[in-house]
Amino acid sequence: MNIGVAYEGGQIAKNLGGCRTFLVVSTEGQTPTGKHLAETDDDNTTALLKLASMEKLDVLICGSLGLAIRNALEMIGVLLVPGCEGPAEEAVAKFLVGEKQGDPTLLEIGREEDPDDPMACMHDCARCAGCGPIELLKQIPVEEVK
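Residues numbered from 1 in each chain as written. Predicted model: local features only at pLDDT ≥ 70, side-chain atom pairs only at ≥ 80, totals over all residues. Heavy atoms only, no water.

### Side note on the pattern of salt bridges
Right, on to step 1. According to the stated counting rule, one finds three salt bridges in the structure shown.
Right, on to step 2. Between aspartate 42 and arginine 20 there is a salt bridge, with its nearest N and O atoms 3.5 Å apart. Of this pair, aspartate 42 sits in the loop between β4 (31-39) and α1 (45-54) while arginine 20 sits in the loop between β2 (11-12) and β3 (21-28); the two residues are 22 residues apart in sequence, bridging distant segments of the chain.
Right, on to step 3. Under the relative-accessibility criterion, aspartate 42 is labelled partly exposed at 30%.
Right, on to step 4. Note that glutamate 90 is salt-bridged to lysine 94, the shortest N-O span being 3.5 Å. Highlighted residues: glutamate 90 and lysine 94, both in helix α3 (residues 88-96), separated by four residues, approximately one helical turn. (Salt bridge = Lys/Arg side-chain N within 4 Å of Asp/Glu carboxyl O. Helix = DSSP H or I, 4+ residues; strand = E, 2+ residues; numbered from the N terminus. Buried < 20%, exposed > 50% of the residue type's maximum accessible area, 1.4 Å probe, protein only.)

### As for the nonpolar core
Right, on to step 1. Counting 19 residues, the largest nonpolar core has Ala6, Leu16, Phe22, Leu48, Leu60, Leu73 and Leu80 as the members making the most contacts within it.
Right, on to step 2. Mapped by element, the contributors of at least two residues to this core are β3, α1 and α2 (67-75).
Right, on to step 3. Sequence-distant contacts of leucine 16, defined by excluding residues within four places in its chain, comprise Ala6, Phe22, Leu48, Leu60, Cys62, Ser64, Leu65, Ile69 and Leu73.
Right, on to step 4. Core analysis: the next-biggest nonpolar cluster, separate from the first, contains 13 residues, Leu23, Val81, Ala88 and Leu96 among them. (Core = buried A, V, L, I, M, F, W, Y, C linked by side-chain atoms within 4.5 Å. Contact = heavy atoms within 4.5 Å.)

By themselves, these figures tell us nothing about what the structure is for.
This is the structure in structure tokens:
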């Protein structure tokens, strides 16, 4: 498993949105096997998603985060541990032993459950192919080609 931590001077960065440096810890079970710092080329959502994919992050420990980045990371399967503060390495150790940390209510803010949302993207995706276009295409009759 790979655990990422939004990193700023040895501490968990207060805001994921402005963070460019991440501590990445590789583990086997509950045992850390390696760590390194990884940097993004920008502090935007796309750069963070690229880093999460390249580093094969399973978990991301962070401070505050926005709705768009939260939804994007959840859609690619990253488990989020938001609302954390303090030393980055200590946060990883707490996660590995199952100690509760952070503020999980940050993940509940802004949720819009919709049983008709096929992508479970909470309609925060600017009408991605999974939401709007599919419904619109279903309404258009198929014309026979002659």
